[in-house]
Amino acid sequence: MSSSQTDSEYDIIFAGGGTSACLIASRLAEADPSLSILIVEAGPHTQNDLAHVQPARFLSHLSPSSTTTTFMVANTEKELADRQTIVPAGACVGGGSSINFMMYTRAAASDYDEWEVRYKNTGWGSKDIIPLLKKTETYQVASGKDSVHGYSGPLKVSYGGPLTNIGKDFLTVGQKYDPKRGSIEDPNNLYDVNSHGRWQKWISEEGKRSDVAHHFMYDKNRDNITLTVGHLVKRVIFEGKRAVGIEYVKNPKFHPEAVSLEVMTAHAKSLVVVSGGAFGSPIILERSGIGAKEVIEKYGVEQLIDLPGVGENYQDHQVIFAPYLASEESDTIDAIVRNEQPAFDSFSEEWKKSGTGLMASNALDAGVKLRFTQEELKIIGPVFTEKWESYYASRKDSPAMWIGPVSMFVGDPSSTPSRKYFSVGYYVEHPSSLGFVHMRSGTDPTVPPEFETGYLKQKQDLELLVYGYKRSREYARRMRCYRGEYVPNHPEFAKTSLALCKEEIQPVALGAPDIGYTEEDNEAVEAYTRKAVGTAWHSLGTCAMKPRAEGGVVDSNLNVYGVKNLKVADLSIPPSNVAANTYSTTLAVAEKAALIIAAELGITGV
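The structure reproduced in this document is the subject of the present report. (Residues numbered from 1 in each chain as written. Predicted model: local features only at pLDDT ≥ 70, side-chain atom pairs only at ≥ 80, totals over all residues. Heavy atoms only, no water.)

1. Details of the overall build of the protein chain
Phase 1: Along its length, the protein chain carries 15 helices and 21 strands.
Phase 2: Taking 606 residues into account, the globule formula puts the C-alpha radius of gyration at 25 Å, and the protein chain, at 23 Å, falls close to it.
Phase 3: Considered along the principal axes of its C-alpha atoms, the protein chain spans approximately 70 × 55 × 50 Å.
Phase 4: Put simply, the protein chain has 606 residues, and 63% of those count as buried.
Phase 5: Taking as baseline every contact in the protein chain between residues at least 6 positions apart, the subset at least 24 positions apart corresponds to 74%.
Phase 6: Taken as a whole, the protein chain presents about 21,900 Å² of accessible surface, with 50% of it coming from carbon and sulfur.
Phase 7: The averaged location of the 75 negative side-chain charges in the protein chain is 2 Å from the averaged location of its 62 positive side-chain charges. (Helix = DSSP H or I, 4+ residues; strand = E, 2+ residues; numbered from the N terminus. Rg over C-alpha atoms; globule rule 2.2 N^0.38 Å. Buried < 20%, exposed > 50% of the residue type's maximum accessible area, 1.4 Å probe, protein only. Contact = heavy atoms within 4.5 Å. Areas by Shrake-Rupley, 256 points an atom, 1.4 Å probe, with all protein chains shown as cover. Lys, Arg positive; Asp, Glu negative; His and termini not counted. Charge placed at Lys NZ, Arg CZ, Asp CG, Glu CD.)

Take a look at the structure:
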């Protein structure tokens, strides 16, 4: 790989160097060594950086001083108690794959069938996507699962480090407290849900993160890929309505000597692929004149193509990680997250010697993808029940909520006393609430976008999260490691409430009755939800692959409507959400994009 020269020419240019771009470029470059490819990435390299290789250090990328993450600040939203939510996005080679939580959570097969049937995207159903999911991975958890898992891909999947006693506690509680749901060997086989299971991870048996940067780019060192880091794509260049290149500038974060945004250009003989993610891709299109007239012309950009769907349909899995106090013998990575000595160095040395120990873990060892009974639906509420009947009831493979333990305090460690914690996370799988992402400058790519999460705009999402708090708390207080709630990060119940949160208490018996909540208690949980709900780092949908008349931005071959030689290929293209952490789906989108591009260019062997 080399660095680019301004005004140079390539066969294909990728505007963005995240998960999708690196995978697609690697596949194409391997199949056709004569192909010349340019990738322009806003962030830095990650090669052999332990912060990206050692799994347990993933929360370091959420530090305000991180140079590998961009923090998107949303508008103030009344549904969120007038808060501004901050949503991180990968900004380094490999994008989200280099900084994510490494959860091997796969969607329901019906999620992809919805893309194909409901949104008329031929070739994007589960029968086409599952082979691509298998293609990317080497499944080290168990052999003989060939119908749903792959065994020869670049990215390894294992249980990633030790099974913590916190994970064991959750599984024990799940089996005994909720025996009707029971347990399952593989909770991510795309079809079977509603059972508790040990969670797989995008971590190899050798204890390393399975990212795209190291396993599709750095280890290949392809001569026909030029990877330029620390540069921001300004816009796509057109001749008429044919994309012929890009303009890009130095990112001042990495080039402080750049006193002005000097524009560089690169030309594409065959194709420009926008791959800036759910935040980057729509604003690159808008700066290029593609989008809604009122958005584009507001910032002095001449409209080339009227596509009102650009930047709309923003979705994220709304999540809360409720924190609990853990017993002293609990296996947690709090000391790693806090960089506490000598524990941090001890864990790191163990990892360096053998690839084992808590440094090889992401602290997420178990979980359950929940479907609901009629009795549970009555508790959740009428608005969500209506959605259940219309959307979930017939989709037997589709969960509505995920719940699982995390062996640490999830959040800003400087805000809490030093000790051992665990959290129980819960998120909405298919949120009804939508937001948007639009440019705030037509010329300056350093200006962050205008952004609204849309969280809790729809009552059904709020009802489900309120239930998620209650349900997850029942798991937590039965776990042997439980020593009470971390009260400042829980609902403010009345002092006389039977639901009052308490610190330094022992777990209840597995057969203890559930906590009863009064109407006043429910109001407290709702207020807490509005204050606590945040991002699952699963942003998608802002350049949706659906019919143009329905607000679509790209067609089923990822072509941007109304222009030629321009595609979008990243997590901005899903027309609807998936019941999973989004890394697996991003990889499938990239594998599919590589096949589409190869077919159009007459390249075989991808």
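2. Details of the side chain of H538
Phase 1: Structurally, H538 is set in the loop between helix 14 (519-532) and strand 21 (566-568).
Phase 2: Among the residues examined, H538 registers a relative accessible area of 5% and is labelled buried.
Phase 3: Of note is the side chain of H538, whose polar atom sits 2.8 Å from the side chain of H317.
Phase 4: Residues contacting H538, with those up to four places away along its chain left out, are Q315, D316, H317, Y427, A580, N581 and T582. (Polar contact = N/O pair within 3.5 Å; in protein donor to acceptor, adjacent residues only side chain to side chain.)

3. Focus on the side chain of T85
Phase 1: Position of T85 relative to the elements: it lies in strand 4 (residues 83-90).
Phase 2: The exposure class of T85 is buried, given its relative accessible area of 4%.
Phase 3: When neighbours within four sequence positions are excluded, T85 is seen to be in contact with M72, V73, A74, L80, T453 and Y455.

4. Focus: helix 15 (residues 583-601)
Phase 1: In this model helix 15 runs 27 Å from its N-terminal to its C-terminal C-alpha over 19 residues, within 8% of the 27 Å that 1.5 Å per residue would give.
Phase 2: Summarising burial for helix 15: 15 of the 19 residues are buried, a large majority. (Expected span 1.5 Å × (residues − 1).)

5. Quick notes on the environment of R473
Phase 1: Along the chain, R473 falls in helix 13 (residues 459-478).
Phase 2: Between the alpha carbons of R473 and V424 there is a distance of 7.7 Å; along the sequence they are 49 residues apart.
Phase 3: Within the local environment of R473, its side chain forms a polar contact with the backbone oxygen of A499, the two atoms lying 2.9 Å apart.

6. Topic: the pattern of salt bridges
Phase 1: Summed over the entire model, instances satisfying the criterion amount to 35 salt bridges.
Phase 2: In this structure, D365 and K201 form a salt bridge, with 2.6 Å as the shortest nitrogen-oxygen distance. A residue pair is termed long-range when its members are at least 10 positions apart, and D365 in the loop between helix 10 (343-354) and strand 15 (366-370) and K201 in the loop between strand 7 (196-198) and helix 6 (212-218) qualify at 164 residues. In this structure, D365 and K201 share a single accessibility class: buried.
Phase 3: Residue R242 pairs with E239 through a salt bridge whose shortest N-O separation is 3.7 Å.
Phase 4: Given a relative accessible area of 52%, E239 falls into the exposed group. (Salt bridge = Lys/Arg side-chain N within 4 Å of Asp/Glu carboxyl O.)

7. Concerning helix 5 (residues 165-177)
Phase 1: The terminal C-alpha atoms of helix 5 lie 17 Å apart, and with 13 residues this matches the ideal 18 Å at 1.5 Å per residue to within 8%.
Phase 2: Every buried residue of helix 5 is listed here: I166, G167, D169, F170, L171, V173, G174 and Y177.
Phase 3: Turning to helix 5, the residues buried within the fold contact strand 7, strand 15, strand 16 (401-406), strand 17 (421-428) and helix 13.

8. Brief notes about the pairing of strand 16
Phase 1: With six of six residues buried, strand 16 is to be regarded as a mostly interior element.
Phase 2: Going residue by residue along strand 16, you find M401, I403 and P405 tucked away on one face and W402, G404 and V406 tucked away on the opposite face as well.
Phase 3: Relative to strand 16, strand 15 is paired through three bridges, and the arrangement is antiparallel. Note that in strand 16 the partner of V368 across the bridge is I403. (Pairing = 2+ DSSP bridges.)

9. Concerning the sheet that holds strand 15
Neighbouring strands of a sheet are bound in pairs by backbone hydrogen bonds; such pairs are parallel or else antiparallel.
Phase 1: If you walk across this open sheet you meet the six strands as 7-15-16-17-14-20, and the pairing is antiparallel. Two strands in the sheet have a free side with no partner beyond their single neighbour: strand 7 and strand 20 (482-485). Taken pair by pair, the neighbouring strands of this sheet meet at an average axis angle of 25°, ignoring direction.
Phase 2: As paired strands, strand 14 (residues 319-326) and strand 17 are joined by seven bridges and run antiparallel to one another. Following the sheet pairing, Y324 is matched in strand 17 by F422.
Phase 3: Contacts from helix 14 reach strand 14 and strand 17 within the one sheet, and its direction differs from that of strand 14 by about 105°. (Axes fitted to C-alpha atoms, helices over the stretch in contact; angles between N-to-C directions.)

10. Comments concerning the pairing of strand 4
Phase 1: Where strand 3 (residues 69-77) and strand 4 come together, seven bridges link them in antiparallel fashion. Bridging across to strand 4, E77 finds its partner in R83.
Phase 2: From the end of strand 3 to the start of strand 4, which pair antiparallel, there are five residues, and A81 there has a positive phi angle of about 60°.

11. Re the packing of aromatic side chains
Phase 1: Counting across every chain of the model gives 30 aromatic pairs.
Phase 2: Note on W115 and W124: the rings are 6.2 Å apart at their centroids and 50° apart in plane angle, and the pair reads as tilted.
Phase 3: Under the relative-accessibility criterion, W115 is labelled buried at 1%.
Phase 4: A relative accessible area of 0% means that W124 is categorised as buried.
Phase 5: A centroid spacing of 5.0 Å and a plane angle of 75° characterise the contact between Y314 and F451, whose relative ring orientation is edge-to-face. Residue Y314 is located in the loop between strand 13 (305-306) and strand 14, and its partner F451 is located in strand 19 (residues 450-452); the two are separated by 137 residues in the primary sequence.
Phase 6: You can call Y314 buried: its relative accessible area is 0%.
Phase 7: Given a relative accessible area of 0%, F451 falls into the buried group.
Phase 8: Each residue in the set F372, F384, W388, Y391, Y392 and Y467 is aromatic and connected to the rest through ring pairs, giving one cluster. (Phe/Tyr/Trp six-rings, centres within 6.5 Å; stacked < 30°, edge-to-face > 60°.)

12. Some points on the state of the cysteines
Phase 1: Inspection of the entire model under this criterion finds zero disulfides.
Phase 2: The closest cysteine sulfur to the non-disulfide-bonded C501 is located on C481, 16 Å from its own sulfur.
Phase 3: Here C543 stays free of any disulfide, with the sulfur of C22 as its closest cysteine sulfur at 19 Å.
Phase 4: Given the relative accessible area of 0%, C543 is considered buried. (Disulfide = S-S within 2.5 Å.)

13. Observations concerning unusual backbone geometry
Phase 1: Here Q341 and P342 are connected by a cis peptide whose omega angle stands at 0°.
Phase 2: If you trace the backbone, P342 turns up in the loop between helix 9 (334-337) and helix 10.

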